[in-house]
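# Breakdown of the fold
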Amino acid sequence: CKKKADVVLPQIGGYNNSDEVGAANLVAYWNFDGNQNEIKSGTAATSSAGATYTSGVKGQAVKLDSGYVFYNAIPALNSMTTFSVSAWVMVRNNGGPANSFTSMIFQTSKPGSTFGNINLGLETSWKPATNDTLVVHGWYTDPPGGLQDNRNDPYGTPSVGAVLDTAGKWINIIMTVDNANPVNFLIYANGKSIGAYNQRGTSVYTPLTPSHVIIGGWLNNVPGQPHTSDTWPHAFVGSIDEVRVYNKALSAGEISALYQLGLAGR
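Residues numbered from 1 in each chain as written. Predicted model: local features only at pLDDT ≥ 70, side-chain atom pairs only at ≥ 80, totals over all residues. Heavy atoms only, no water.

Moving on, we come to the overall build of the protein. Helix and strand content of the protein: 1 helix and 14 strands. For a compact globule of 266 residues, the expected C-alpha radius of gyration is about 18 Å, and the protein comes in at 18 Å, within 12% of that figure. In terms of principal-axis extent, the alpha carbons of the protein reach across some 70 × 40 × 40 Å. Put simply, the protein has 266 residues, and 52% of those count as buried. Accessible area for the protein stands at about 11,300 Å²; split by element, carbon and sulfur atoms hold 51% of it. One way to put it: in the protein the 16 positive side-chain charges average out to a point 8 Å from where the 17 negative ones average out. (Helix = DSSP H or I, 4+ residues; strand = E, 2+ residues; numbered from the N terminus. Rg over C-alpha atoms; globule rule 2.2 N^0.38 Å. Buried < 20%, exposed > 50% of the residue type's maximum accessible area, 1.4 Å probe, protein only. Areas by Shrake-Rupley, 256 points an atom, 1.4 Å probe, with all protein chains shown as cover. Lys, Arg positive; Asp, Glu negative; His and termini not counted. Charge placed at Lys NZ, Arg CZ, Asp CG, Glu CD.)

Our next topic: the pairing of strand 14 (residues 236-246). With 10 of its 11 residues buried, strand 14 lies for the most part within the structure. Sheet topology note: the strand 1 (residues 26-30)/strand 14 ladder contains 4 bridges and is antiparallel. The partner of Trp30 across the bridge, within strand 14, is Val243. Examined bridge by bridge, strand 3 (residues 60-71) and strand 14 share 5 bridges and lie antiparallel to one another. By the bridge assignment for strand 14, Lys63 is matched with Ser239. With 6 bridges connecting them, strand 4 (residues 83-90) and strand 14 associate as antiparallel partners. What sits directly across from Ser86, in strand 14, is Arg244. (Pairing = 2+ DSSP bridges.)

Right, let's get into the pattern of salt bridges. For the structure shown, the criterion picks out 4 salt bridges. Taking the shortest distance from any N to any O, the salt bridge between Asp19 and Arg244 comes out at 3.1 Å. Highlighted residues: Asp19 in the segment before strand 1 and Arg244 in strand 14, separated in sequence by 225 residues. On the basis of relative accessible area, Asp19 is assigned to the partly exposed category, the value being 41%. The partner of Glu242 in a salt bridge is Arg244, with the nearest N and O atoms 2.9 Å apart. For the pair Glu242 and Arg244, one class covers both residues: buried. (Salt bridge = Lys/Arg side-chain N within 4 Å of Asp/Glu carboxyl O.)

Right, dumping it as structure tokens:
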């Protein structure tokens, strides 16, 4: 008998798979398929805690139980002035009278600081675990060394920075920052722009090195690292997959394609 030809899947947004989206500008990538290596550089994690593996969007994902994965350095991230960070997450809110915390997805941290150069997280402390609306929040370092953040109003009409109906589902979160004038700082969830207060004038992204990379945590969570005395930062509870960093601001079309391809397991 003849062997059947491989099925050719139709393109989504002009791409065959997620790896083709912004490929020339992809500077770091974690797929967590049974290991914690950063794929582009082959860099292994310096340390990790509370990390196991589970089924992900594509292959496996890292499952964190008050955990994180820490990298002392990913040099390709040090010189960016424009960037995009994309990640798939499955997580619940944890708001309540005790043990509530913000869930940091991705951080490029700086010594002696709680917040780092790039911070992409979820305000999981704002709503109880029974609420399936997640609130996205991003921050980046500006020229004076302060923070620019994409503020959110999940109670507004329409709500800002909120993702609905998330219980038990993988959610794609993306932040983009360009170096235009004015700077545009955008937040996306599931392929759509959900942020506000997007223009930042001349407050461009300014990385302050040395910088470390933490997936699922804050520098305060990593033993032996110089950080503030803040005790409120808590490591991630949930799953993270397909973390990608680009040295450009992805377009709306690229972001939509990245989401749709992820949903298709491609």
